[in-house]
Amino acid sequence: MNLIDKNLIVNKKFVIVLISIIFLFSFFSLLFIENHSLIAHDESLYASRAKLIIETNNWFTPFETAHHKTIGSYWLIALSFKIFGINEFSARLPSYVFSISSAYLLFRIIKLFSGLEIGILSIFTLLSSYLWFSYGNYCSPDTFYIFCNLLGIFNLININEDTNENIKNKSLLIAGISLSLPFFIRSYLQLLPLVSLLPLFLYKIKSLTYKNKKYFFLGLIFGLIPLFIFYLISYKTYGLASLIRPFFLLQKKTLTENQLLEGFLFYPRNLILFCTPFFIFLISGSRYILKNKSVELKFLFFYSPLINIFLLMLTASKYSHYGLFSIPFLASNASYGIYESLKNKSLLSKLTLKVFGALSFLIGIAIFLGILFNTELKITYDIGLVEIFAILFLIIFLIILSFKFIRRKNYKQVNINTIISIFSIQIIIFSLLFAKGIIGNPNSEFKYFLNQSEVYEVISSNNIYLIGKLDSKNRHLLQFYIPKSKKMNIEKALKSKDIYGIISDRQLVRLNDSIKGKFIILKEYKNINFVKVN
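Fair warning: this is a prediction, and the values are worked out from it, not measured in the lab. (Residues numbered from 1 in each chain as written. Predicted model: local features only at pLDDT ≥ 70, side-chain atom pairs only at ≥ 80, totals over all residues. Heavy atoms only, no water.)

1. Overview of the overall build of the protein
- For the protein, the helix and strand inventory stands at 27 helices and five strands.
- Expected size for 534 residues packed as a compact globule is a radius of gyration near 24 Å; at 26 Å, the protein falls within 12% of this value.
- Counting the 534 residues in the protein, one finds 53% classified as buried.
- The contacts of the protein with a sequence gap of at least 6 include a subset with a gap of at least 24, amounting to 77%.
- Carbon and sulfur atoms provide 63% of the accessible area of the protein, an area that totals close to 24,600 Å².
- For the protein, the distance from the average position of its 56 positive side-chain charges to the average position of its 28 negative side-chain charges is 8 Å. (Helix = DSSP H or I, 4+ residues; strand = E, 2+ residues; numbered from the N terminus. Rg over C-alpha atoms; globule rule 2.2 N^0.38 Å. Buried < 20%, exposed > 50% of the residue type's maximum accessible area, 1.4 Å probe, protein only. Contact = heavy atoms within 4.5 Å. Areas by Shrake-Rupley, 256 points an atom, 1.4 Å probe, with all protein chains shown as cover. Lys, Arg positive; Asp, Glu negative; His and termini not counted. Charge placed at Lys NZ, Arg CZ, Asp CG, Glu CD.)

Structure follows, in structure tokens:
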């Protein structure tokens, strides 16, 4: 066997060990909730609304007015709260579960057409994306809606002319359900994946019999049933506004929120940054797929992400997570590029591997310097010596492995297992930083304010009133972190007695001095005040 063939052999035992380590580190990092706090937008928004569902025991219309999102956005988080209690772990657990499940599904999809090596590579490339890691540890429905789409794709491309009719019809039914159910989870955002995948759908559906097509379209209808039930109940509660508001949200995000074409540079730039360092293999991957792979793979791993990104570039939105759907397909494309670069001795392949090594080397150096000079960089998080040594050890190992690609004198030192090791180190470092609250902990000061003994003792045993107008970010954080909270206008608060509340500086300034004395400030935090109303 020649050296090139050896470069492409995956050490299965080594990969199993790495996957086990990654799973343990990534899962246990979720448990360090004392180091975690929710992002004001959108995590606290999803979490506070899911909490409202639990408090009201109303799973369809818990809001005072018609809502701009479908209620399925909050169901999994609410269910997690129901099982594990209301905290950061249970808020983020559903995203983690479906992030891992999506990586497994992607592996299964690639295995239908290619070897084990590319399938395994796709798991590591996907999990190494910072955007994917972030939203795999984020309180939102995004990874679940992507999982549904991947499940639909898997069942659709899993069929061919030789597939048993009963299995084919069952797969098509599941595919239809999986592709329409996300409308209940992410509302009209599901149009983006469907349009992106349209060439693949048309290619697969045209070869189906009339009976096969019936099962697929029947699945689409079944998947829309939760959405129809929600709209029916919502219409009876809120009227026509319940049908119009989700459409207005779509219009706002695509056309009016910012200047049109605001995303033209935003999405390509951010996706490149969040796919560092594997994005360097996208050129090789695209060339390899277009030249050697089937029509289905060309649609799936080249044209679909291309259409997806192009559509986002035409919108007025600037949200990195809107590009999350394309990450699994870009990671798969890059996996083919890695395989081709290791297999091919061309100048482009050698240059691609050297640039990959250089980028990985620079990432390692940057993190190393960040840890080494954390005082100068004003990183205020408490990192123990054990964690510092663990991270530094991983970074030094990353630098050594990366340097092999830069030197690259022979093929013995560089192989598919080396690249998998580099991605694994990156994922483990992400998990350690997340566990210690260096990432995934943007509101630690806010959480500390509420956990101070003089505040915590009151909010844990009393209703806390959110008085007047509060900044939406603060309001959603308060609604999540305070066990029992209610909104109250200023007029009603002035008539109340012996209650506790939160009021903003702006609201207090507007009050007359004679009235202002009714609010006794117990604790201040930035522009909000914890008060007792006498």
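2. Concerning a nonpolar patch on the surface
- On the surface, Val17, Ile21, Phe23, Leu24, Phe25, Phe28, Leu31 and Phe32 cluster together into a nonpolar patch covering about 680 Å² of accessible area.
- With respect to the element layout, Leu24 can be found in helix α2 (residues 12-29). (Patch = residues over 30% accessible without salt bridge, like charges linked within 9 Å, V, L, I, M, F, W, Y side chains within 5 Å. Salt bridge = Lys/Arg side-chain N within 4 Å of Asp/Glu carboxyl O.)

3. Examining the side chain of Asn474
- With respect to the helices and strands, Asn474 occurs in helix α24 (residues 472-481).
- Take Asn474: its relative accessible area is 13%, and that puts it in the buried class.
- If sequence neighbours within four positions are ignored, Asn474 has contacts with Phe446, Asn527 and Ile528.

4. Thoughts on the packing of helix α5 (residues 88-111) against helix α6 (residues 116-128)
- Packing of α5 against α6 leaves a shortest axis separation of 8 Å and a crossing angle of 155°. One finds that α5 runs roughly antiparallel with respect to α6. In the packing of α5 onto α6, the handedness of the crossing is right-handed. Residue-level contacts link Ser99, Ile100, Ala103, Leu106, Phe107, Ile110 and Lys111 of α5 to Leu116, Ile118, Gly119, Ile120, Ser122, Ile123, Leu126 and Leu127 of α6.
- Partitioned by chemical class, the residues of the contact of α5 with α6 number 11 nonpolar, three polar and one charged. (Axes fitted to C-alpha atoms, helices over the stretch in contact; angles between N-to-C directions. Parallel < 35°, antiparallel > 145°, perpendicular 65-115°, else oblique. Left-handed = near helix turned anticlockwise from the far one by under 90°. Nonpolar A, V, L, I, M, F, W, Y, C, P; charged D, E, K, R; others polar.)

5. Quick notes on the nonpolar core
- Counting residues in each nonpolar core, the largest one holds 104 residues, and the members touching the most others are Phe124, Ile153, Leu300, Phe301 and Ile419.
- Ala47, Cys139, Leu477 and Ile502 belong to the second largest nonpolar core, which has 41 residues in total. (Core = buried A, V, L, I, M, F, W, Y, C linked by side-chain atoms within 4.5 Å.)

6. Concerning the packing of helix α15 (residues 263-274) against helix α17 (residues 295-313)
- As a packed pair, α15 and α17 sit with axes 7 Å apart at the nearest point and diverge in direction by 140°. Between α15 and α17, the angle falls in the class oblique. For the pair formed by α15 and α17, the contact residues are Gly263, Phe264, Tyr267, Pro268 and Leu271 on the first element and Ile309, Leu312 and Met313 on the second.

7. Notes on the packing of aromatic side chains
- Enumeration according to the criterion identifies 40 aromatic pairs in this entry.
- Geometrically, the ring pair formed by Phe302 and Tyr303 is edge-to-face, given 4.9 Å between the ring centres and 85° between the ring planes.
- With relative accessibility at 34%, the residue Tyr303 sits in the partly exposed group.
- Geometrically, the ring pair formed by Tyr319 and Tyr322 is tilted, given 5.1 Å between the ring centres and 45° between the ring planes.
- Grouping aromatic residues by their ring pairs yields a cluster made of Phe23, Phe27, Phe28, Phe84, Phe89 and Tyr96. (Phe/Tyr/Trp six-rings, centres within 6.5 Å; stacked < 30°, edge-to-face > 60°.)

8. Topic: the confidence of the model for the protein
- Of all residues in the protein, 95% attain a pLDDT of 70 or more, and the chain-wide mean is 91.
- In the predicted structure, residues 375-380 sits below a pLDDT of 50 and forms four contacts with residues beyond four places in sequence or in another chain. (pLDDT = per-residue confidence, 0-100.)

9. Things to note about the sheet that holds strand β2 (residues 485-488)
- Ordered by their spatial adjacency, five strands build an open sheet running β2-β1-β3-β5-β4, and the pairing between neighbours is mixed. Unpaired on one side and paired on the other, β2 and β4 (519-525) mark the two borders of the sheet. Averaged over all pairs of adjacent strands, the angle between strand axes in this sheet comes to 30°, irrespective of strand direction.
- By the bridge criterion, three bridges tie strand β1 (residues 464-467) to strand β3 (residues 499-504) in an arrangement that is parallel. Bridge pairing in β3 places Tyr465 opposite Gly501. (Pairing = 2+ DSSP bridges.)

10. Examining the environment of Asn58
- Relative to the helices and strands, Asn58 is located in the loop between α3 (43-56) and α4 (72-84).
- Classification of Asn58 as partly exposed rests on a relative accessible area of 25%.
- In the structure, Asn58 is positioned 168 residues away from Pro226 in sequence and 15 Å away in space, judged by C-alpha atoms.
- Here Phe60 takes part through its backbone nitrogen, which lies 3.1 Å from a polar atom of the side chain of Asn58. (Polar contact = N/O pair within 3.5 Å; in protein donor to acceptor, adjacent residues only side chain to side chain.)

11. A word on helix α20 (residues 385-407)
- Between the first and last C-alpha of α20 there are 33 Å, a value that for 23 residues agrees with the 33 Å anticipated at 1.5 Å per step.
- When α20 is considered as a whole, its buried residues turn out to be Ile388, Ile391, Leu392, Leu394, Ile395, Leu398, Ile399, Leu401, Ser402 and Phe405. (Expected span 1.5 Å × (residues − 1).)

12. Some thoughts on the pattern of salt bridges
- Counted by the stated rule, this structure contains 11 salt bridges.
- Of the charged contacts in the structure, one is a salt bridge between Lys51 and Glu55, with a shortest N-O distance of 3.9 Å. Here Glu55 and Lys51 lie together in helix α3, a separation of four residues that amounts to about one turn.
- Taking the relative accessible area as the measure of exposure, Lys51 reaches 3% and is therefore buried.
- In this structure, Lys526 engages Glu445 in a salt bridge whose closest nitrogen and oxygen atoms are separated by 3.8 Å.

13. Topic: the pairing of β4
- Sheet topology note: the β4/strand β5 (residues 528-533) ladder contains six bridges and is antiparallel. For Lys523, the partnering residue across the bridge sits in β5 and is Phe530.
- Linking two consecutive strands that pair antiparallel, namely β4 and β5, is a turn of two residues; a positive phi of about 50° is found at Lys526 within it.

14. Digging into helix α13 (residues 210-238)
- Here α13 contains 29 residues, and its C-alpha end-to-end distance of 40 Å stays within 8% of the 42 Å for a straight helix at 1.5 Å per residue.
- Looking at the residues trailing α13, positive phi occurs at Gly239, about 85°.

15. Here we look at the environment of Ile146
- One can find Ile146 in helix α8 (residues 142-157).
- Taking the C-alpha atoms as reference, Ile146 lies 9.9 Å from Ser178; in sequence the two are 32 residues apart.

16. What about the pairing of β1?
- Alternating residues of β1 divide into Ile464 and Leu466 and Tyr465 and Ile467, and every residue in both groups is buried.
- Note: β1 against β2, four bridges, orientation parallel. Counted as the bridge partner of Tyr465 is Lys486 from β2.
- One crossover worth recording links β1 to the parallel β2 by way of α24, and it is right-handed. (Right-handed = clockwise from strand over helix to strand, strands pointing away.)

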